[in-house]
Amino acid sequence: MDHLLEVKDLEVKFALRMGDLTAINGVSFTLDRSERLGLVGESGAGKSVTGFSIINLISKPGYISGGSVIFEGRDLTRLTNEGMRHIRGNLISMIFQDPMMTLNPVLTIGTQMVETLQAHMDISRKEAEDISLEKLRKVHIPSPEKRLQQYPHEFSGGMRQRIVVAIALLTDPALVIADEPTTALDVTIQAEIMELLLELCESEGTGLILITHDLAVVSQVTQKIAVMYAGKIVEAGQTEDIIDNPRHPYTQGLIKAIPDGRNPGARLNQIPGTMPSLIDIPPGCSFHPRCMIRGDICRHESPALKNIHGYRSMAACHMLDTAEKQAGANVTK
Amino acid sequence: MKQWKRFKNSYFLHSFKRDRVAIVSFVVLLTLILLSILAPVIAPHNPYDTTTIDIMNAEMPPSWMEDGNPDFVLGTDIQGRDLLSTMLYGLRLSVMIGCGAVFLQAIIGIFIGMISGYAGGKVDAFLMRIADVQLSFSTLMVAIMISAIFQVAFGVGRYEQLAVPLLVLIIGLAEWPQYARTVRASVLGEKNKEYVEAARVIGLSSKRIRWRHILPNTMSPVLVISTIQVANAVMSEAALSFLGLGMPVTKPSLGSLINSGFEYIFSGSWWITLFPGILLVVFVLVINLLGDWLRDVLNPKLYKG
C-alpha cells in the first residue's frame, strides 16, 4: 500500500486518419518513495510516451485511452488541466534529453528559475532567487550569483544540463522523470550528470524514473528496471536480477549487445531485425519475429507478464524454460 | 552601466560601425526625427498661426533665386507660408502618423498572430482568412471608404480636427495582417521547440508560455518589418494626403504639401512640390536602408561576409 506512483494498465493511443494506433499497451509498474526505476528499451518502445503520460502531457493526436496513474493517492489521468499544472514542475518534474533546447534562449537562467518557483509558490523574487542560488550550488555551478544573470548560450552543454537538473529539483519534487538526460552529452559529462542526479535523489529522497536505452547507466543508478518492447513491459524486476540474470530473450539480447571489450574487433551481438512499427505489430508475442527461441504458441498468443518460477523478476514470455537453458548456455560459454 | 558595457561589446554595435550605409542612414534619420520633434522651436515661422501669414508673400521662390526673400529660405507656398517651416511641421505629422499607425498595427497583428499560431486548427484558419480578406482590399481603398464615410457623417470641420487619430486608425487597421502573418509564422516555428515543452512540464500556464516564452523569440522579424512598416505608413499617409483624403491644407503633412504644390508646378512654382518630395523620399529611403541592415544583422543565415 501507499506507493508514490502506481501506473496500472496504462494504455495510450494515437488517433490517426487510418485509425487508432496503440503506442502503450497495458503498462503497469509501481514506484515507492525515493525509489529509482529504469525504463529501458530500443527507440520507439514507448518509454518516452510512458514518461509523458505520467504527467498527462502527451501531445496530440495522442491520448490516454485506458488505465490509471495514481500519484500520492490521486489519479492523474482524471485531473483537470488546472489541477495537473499544480503537479507538473511542483511535485513531478521532468528532465529532457537536450539541454541546448530545453532552456529558453532569450531569458536569463535566473528569470527561468524564479518563474518556475513563482508558478508554484507564493514567494517574492528575492526569496525565489535565494532558493535558486542554493540549488545551483547543489549542482556545483561555480559563482552562482553571477551565473544567475547569464543567458543559456553562455554555458557549456554539461553546465546547461546541470542547470536543467537544478530547475527540476527547485520545488523539491517527490518524483523526477529523466528522459534520456545524458544522450546529448559526451561520455565524461554523462557520468558526471548521472552521478549528480543519483547523489541529489539520494540526499533529497526524490523518486526517479530514468528513461534510457543505456543499460550500463541504468545498472549504476536504479534499483528496479522495467524493459519495454513495442509498448509493453516484457521484463521487470530488481536491477541486479535483470542485469545478471535476464529471463526474457529480448533482455538477454540487449545485455549481450553491450560491448564488453573482451574481443576487440569482433562483431557485437546484436538482436536481428528491428522493432516493429506500431502500424503492424505482429500477432501473438510482438517480439517473436526477432526471437531465437520462438515456438508455435508465440505466433498466436500474447504472453502475460508473470512471476517466473524460482526468480524474483517478472517476464512476459511463453518460452521461459528454453530461455533459461539459453541463459545457462551463455554462462558456461 | 553593465547593460551599456554589454551593448558596447555586442555584435550589433560592431556590425553597425562597419556598415557605412547604416551609419549615414542612422545619422540622417536621427537628424530628421530631431528636426521634426523640435519643429516648433527651430522653425523660423509658425505655419499654423494664420495671423503671421501674409497672402502677399505667396509663391515666393527660394532665397537664392531672383525675387527670393531671405526671410523664406526655401520660398513660400501658395498661401504665403514659409515652406521650410511648413515642411518641418509636415514631417512631424508624418512621423507621428507613421509611428502611431505602426504601433496600432503591431498591437493588433502580434495579438492575432500569436493566438492564431499557438492555437492552430480552426482558430488559425479563421483568423488567417480574415487577414487574407483584409489584405485583399488595398490600404487606399479602405482609407478612402472610411474617410469618405467619416466626412459625410461628421462634417468636414470635425474631420479636420480628428484627422491625425483617424489616419492612424485607418492605416493601422489596413496593414495589421503583415504583422499577424509574420508573428504567426515565427510562432509556428517556435511552439514545437523543446523549451516550450519544458515550460509546460514546469507547469506554467499557456498564457504565460505564449507571451513570456514564445513572444520574445519571435521579436527579431517583428523588429525588421516594423522599420519597413513605418516607411510604408508614411508613404500611405502621403498618398492619402496627396489624394486629398489625409491631412487638411490648414495642417499640411508632407503629402498634402506635395499635393497643394502640384497644381502650381506648371506655372513655375516647382519648389512647393519638389522640396517636400525630396524630404519624403530621403526619410523613407533611410528607414528602408536601416531596415535592410537590421535584417542582415538579426538573421545570421544571410551573412554577407
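Refer to the preceding data block for the structure.
Just so we're clear, the structure is a prediction, and the values are computed from it rather than from any experiment. (Residues numbered from 1 in each chain as written. Chains lettered and ligands numbered in written order. Predicted model: local features only at pLDDT ≥ 70, side-chain atom pairs only at ≥ 80, totals over all residues. Heavy atoms only, no water.)

(A) Just the nonpolar core, in detail. Of all hydrophobic cores here, the largest spans 163 residues; its most connected members are A:Leu5, A:Phe71 and A:Ile209. Considering every element that reaches this core, the biggest residue donor is helix H12 (residues 271–298) of chain B, with 13 residues. (Core = buried A, V, L, I, M, F, W, Y, C linked by side-chain atoms within 4.5 Å. Buried < 20%, exposed > 50% of the residue type's maximum accessible area, 1.4 Å probe, protein only. Helix = DSSP H or I, 4+ residues; strand = E, 2+ residues; numbered from the N terminus.)

(B) Layout of the environment of B:Val230. All names here are of chain B. As for its position among the elements, Val-230 is in helix H10 (residues 219–242). Given the relative accessible area of 15%, Val-230 is considered buried. Excluding residues within four positions of it along the chain, Val-230 makes contact with Val-102 and Ile-287. (Contact = heavy atoms within 4.5 Å.)

(C) Examining the packing of aromatic side chains more closely. With the rule as written, the count across this model stands at twelve aromatic pairs over all chains. Three or more aromatic residues joined by ring pairs make a cluster, and in this case those are B:Phe12, B:Phe16, B:Phe26 and B:Trp293. (Phe/Tyr/Trp six-rings, centres within 6.5 Å; stacked < 30°, edge-to-face > 60°.)

(D) Structural view of helix H3 (residues 20–37) of chain B. All names here are of chain B. Here H3 is 18 residues long and its end C-alpha atoms lie 26 Å apart, about the 26 Å a rise of 1.5 Å per residue gives. Buried within H3 we find Ala-22, Ser-25, Leu-29, Leu-32 and Ser-36. One face of H3 carries all of its buried residues, which in axial projection span an arc of 105°. Where H3 is buried, its residues contact helix H2 (11–18), helix H4 (39–42), helix H5 (83–119) and H12. At the N-terminal end of H3, a side-chain oxygen is found 3.2 Å from the backbone nitrogen of Val-21, two or three residues along, and the residue is Asp-19. (Expected span 1.5 Å × (residues − 1). Arc of directions from axis to C-beta. Polar contact = N/O pair within 3.5 Å; in protein donor to acceptor, adjacent residues only side chain to side chain.)

(E) Quick peek at the interface of chain B and chain A. Between chain B and chain A, the residue contacts involve 17 residues of the former and 24 residues of the latter. When the area that chain B buries against chain A is broken down by residue, the three leading residues are B:Glu194, B:Val201 and B:Ile202, summing to 32%. Scanning the region where chain B abuts chain A turns up two salt bridges. For B:Arg208, the salt bridge identified is with A:Glu115, shortest N-O distance 3.0 Å. Inspection of the region where chain B meets chain A yields eight residue pairs in polar contact (both at pLDDT 80 or more). If you list the elements that add at least two residues to the side of chain B that touches chain A, you get helix H1 (2–8), helix H8 (194–202) and helix H9 (206–217) of chain B. In terms of residue count, H8(B) provides more of the side of chain B that touches chain A than any other element does, seven residues in total. Looking at the side of chain B that touches chain A residue by residue, the classes come out as six nonpolar, four polar and seven charged. (Buried area = accessible area lost by both parts, 1.4 Å probe. Salt bridge = Lys/Arg side-chain N within 4 Å of Asp/Glu carboxyl O. Nonpolar A, V, L, I, M, F, W, Y, C, P; charged D, E, K, R; others polar.)

(F) How the structure looks around the sheet that holds strand S4 (residues 62–71) of chain A. Residue and element names in this part refer to chain A. Read from one edge to the other, the open sheet built from four strands follows the order S2-S1-S4-S5, with strand pairing classed as antiparallel. Each end of this open sheet is capped by a strand with a single partner; those strands are strand S2 (19–31) and strand S5 (74–75). Pairing of strand S1 (residues 5–16) with S4 involves eight bridges; the strand directions are antiparallel. Directly across from Phe-14, in S4, lies its bridge partner Gly-62. Helix-sheet contacts for helix H1 (residues 47–54) involve S1, S2 and S4, and the interaxial angle to S1 is about 110°. (Pairing = 2+ DSSP bridges. Axes fitted to C-alpha atoms, helices over the stretch in contact; angles between N-to-C directions.)

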